[in-house]
Amino acid sequence: MPIHEKSLIRPENLHVQEHKEVDGVDVSGHWSTFIETRVVSDYNEDLQDEIAALPGGELIHRCWQCGSCTNACTVHAINPDFNPRYWIYLIRMGMESELLRDKDIIWQCVSCNKCTYACPRDVVPEAVMKATAHWLELKGHTPKSHSTIFDEVFSEQVFETGKIEDGRVIKGSSSSAPVRNSRRAGWWTW
Amino acid sequence: MVDMVRSLLRNLPIGLLTKMGLATLVAPKTSDWSKSREAIMEYVEEREAANRKALGLGQGREARTNHDRTKKYQEVAYYPGCALEGGGHAYNRSTKALGKKLGLNLKEVENWNCCGAMEVKNIDPKLQTYLSSRVMSIAANKMGLDTVMAPCNGCYHNLKKAEYDLANDPNRRGGQFAFSGKSGHATYQAGQVETIHALDWDRETIGRGPGHERPRQEFAEGVKIANYYGCMYTRPRHIFPEKDQGPGSESTSKPHFMDDLLAAAGADNVEYPLKTACCGGAHALSDSDTSTRLVLNMLQAAEASGAEVIATECPTCHSGPGNAPDAREKTLGRKTNVKIIYFTQLLGMAMGLSPKAVGVQENFSDAMPLIKEKKLA
C-alpha cells in the first residue's frame, strides 16, 4: 500500500525517542523514528460487493488508485484525513476495521464533483462516498449524519408535494436532527 | 466587351431587354420555395461542416448557426425550481425582468416539480432522474417547446444529468417507463429538449433579440468583478457534451460566459482562481464548519484578486457567502467587504432596470451601498 501520504500513519504508531544512541552514534529525535507495523486481523471479503450494491457504488471496481480524486478533493484540502482514494482502496481490499476508523468523516463529502471530473476511470468517487456513508449507517456503525437527516427530510417533502419550501425543510431537519452546528449556520436570518 | 453589349442591345427584341432589365432589380422566385430552400441550405451546411471536420478545420459558418440558436431561444420553457421561489427569489425576479427587457418569451413550465436536487440523488439517483425527466417531459410533450432554461445551477445540472443518464443507461430508461406510466404522463425521450443555463440564454439573445437591447458599455466601468460559476455548472464534464467544443463554446476548466457578458457591460473582470470552486452549499446546514471555511476561501480569494463584487449564477452560491456573516467574522477575525450579486441583476441594471426591479432588496448581502457608490443604477 502506498505510504507517501503521511497522514495515513497513525500518530500512535510513530515512535520517536528524544535520546537514543546506537553504537556510540547519536540518533536522537526523528533519526530514531520507528513506524510500528499495522495489524489487520480480519477481512470482510464482501465489502466491495456490499458497497457496489448500494446506489452510487456500482463502479467502485474500476478504480486503479491513481489518487486524482483525493488530489482534486475540496474537503481533503481542508482536512487531510478526508481521503477518497484511501477509502476506495480499503473497501476493495476488504479492510473494514481500517475503514471504520474514519467513519465519522466520510459523510462530509460536499458533492462538488471535482473527483468525478478528474477520475480517469469513471469510478464516480462522489457517488461512492455517498454509498459508503449509507453503508456505515445501514450497518449501524454510525448514527444517521446531519447530512442524511437533511436529505431525508428534503426528499420526503419532494415525494409528498413535488416541491420543497426552504423554511419547512430547515424546520423539519432541525427538529429531527440533534442540533450541533446548524444553529450557527444562520439560515434562520431569513 | 463593350462592343458585344452594344450589339446585343441593338439586336435583341425590346420585350426581352425590358425583362432582363427588370430582373436585375427584382429577382424572379419560384413560389412556395422557402421550405425547399431551407432543406437545401441545411444539407449544404451539413456538408460543409462535414468537410471541414474531415480536414480538421474549425467550425465554419458559426454566425449562421448562432443566428438559428438566437431564434430558438426567443421562446423557451422557463424552469425556476424550488430555490428560486424561496431564498433565491432575487434571481427569479431578475431573470424574468431581464427576459422582459430583451423582449423574450419565458413560458414557465406548467406544474413543475423539484428536480431532485442533491438530496434526492443521495437517497436514490433513479428517483432524481425521474423527477428531472418529468419537468423536461412537460416542456416537450405538453407545452411543445424544445428548450428548457434553468437558471439554478442545481436544476441545470440535474436536468443535464437526467438527459445523459436516459440517453446512455438502458436501465434508467426502463425505470422511467414504469414511473411515467403509473403517474400518467408522457415518458420523456432523451433528446426531446435542450437544457440551457440562463448564461447560455442571455449570451445568445442579448443584442440579438427583437429590440436589439444591449447593456450600456459604460455601466460597470471600473467595477472589479470576480465571476463565480460554482461546481454544478461545469462538472462532471460528460453530462455537458456541448461544452469544451472549441471557440464559441463554454470551457469546463475555465468557464467564461459570465465574464463575456459582464465585459459587455464594461465590467473589469478580475482573474479569479476559484471560478469553479465549491461553496459548500450542500452542507450549509449539516456541517457549517466546513461550509464556512469553503465560503471564506472563496471570499478571501476574491478580495485578494481585487474584486469588489462576486457575480453568481446559482441561488446556493449566492446564499452561502451572503449568509451567516457572524460565523465568518468569528473565524476570520474581520469583516469581508466583497458583495454577492447575481449576474442577471448586474445585466438588468446595465440595461436600465432599477435595482428594485431586479430584486437587489432580496439579496443576502446588502449591495445597495455599493450600487450607490459606483452609480450602478
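See the structure printed just above.
Analysis parameters
- Residues numbered from 1 in each chain as written.
- Chains lettered and ligands numbered in written order.
- Predicted model: local features only at pLDDT ≥ 70, side-chain atom pairs only at ≥ 80, totals over all residues.
- Heavy atoms only, no water.
- Helix = DSSP H or I, 4+ residues; strand = E, 2+ residues; numbered from the N terminus.
- Buried < 20%, exposed > 50% of the residue type's maximum accessible area, 1.4 Å probe, protein only.
- Contact = heavy atoms within 4.5 Å.
- Areas by Shrake-Rupley, 256 points an atom, 1.4 Å probe, with all protein chains shown as cover.
- Pairing = 2+ DSSP bridges.
- Axes fitted to C-alpha atoms, helices over the stretch in contact; angles between N-to-C directions.
- Patch = residues over 30% accessible without salt bridge, like charges linked within 9 Å, V, L, I, M, F, W, Y side chains within 5 Å.
- Salt bridge = Lys/Arg side-chain N within 4 Å of Asp/Glu carboxyl O.
- Lys, Arg positive; Asp, Glu negative; His and termini not counted.
- Charge placed at Lys NZ, Arg CZ, Asp CG, Glu CD.
- Expected span 1.5 Å × (residues − 1).
- Arc of directions from axis to C-beta.
- Polar contact = N/O pair within 3.5 Å; in protein donor to acceptor, adjacent residues only side chain to side chain.

Enquirer: How do you make sense of the overall build of chain A when you look at a structure like this?
Expert: Looking only at helices and strands, chain A features 10 helices and 4 strands. Relative to its full complement of 190 residues, chain A shows a buried share of 48%. Taking contacts inside chain A between residues at least 6 apart in sequence as the whole, the part at least 24 apart equals 56%. A total of about 10300 Å² of accessible surface is found on chain A, and carbon and sulfur atoms cover 52% of it.

Enquirer: Sorry, what's going on with the sheet that holds strand S7 (residues 309-312) of chain B here?
Expert: By way of backbone hydrogen bonds, the strands of a sheet pair with one another, either parallel or antiparallel. Residues and elements named next belong to chain B. Spatial ordering of the open sheet is given by S6-S5-S7-S8, a layout of 4 strands whose pairing is parallel. Edge strands, defined here as strands with exactly one partner in the open sheet, are strand S6 (268-269) and strand S8 (339-342). In this structure, strand S5 (residues 224-227) lies alongside S7, joined through 3 bridges in parallel fashion. Its bridge partner being in S7, Asn227 is matched across the sheet by Ala311. Here helix H15 (residues 343-350) sits on the sheet in contact with S5, S7 and S8, set at roughly 75° to S8.

Enquirer: Is there a simple way to explain a negative patch on the surface in this structure?
Expert: Negative charge collects at one region of the surface, where Asp42, Glu45, Asp46 and Asp49 of chain A lie side by side. A residue is classified by how much of its surface remains accessible, and Asp42 of chain A, at 54% relative accessible area, is exposed.

Enquirer: What should I look at first to understand helix H9 (residues 170-183) of chain B in this one?
Expert: The α-helix winds at 3.6 residues per turn, so residues separated by three or four positions along the chain end up facing the same way. All names here are of chain B. For H9, with 14 residues, the first-to-last C-alpha span of 20 Å sits near the 20 Å given by 1.5 Å per residue. Within H9, burial applies to Arg172, Gln176 and Ser180. Summarising the axial view, the buried residues of H9 lie within an arc of 65°, below the 170-degree limit, and thus occupy one face. Of the exposed residues in H9, those oriented more than 90 degrees away from the buried face are Pro170, Asn171, Gly181 and Lys182. Tucked inside the fold, the buried residues of H9 contact helix H7 (125-142) and helix H8 (153-168). Its side-chain oxygen at 3.1 Å from the backbone nitrogen of Asn171, Asp169 defines the N-terminal cap of H9.

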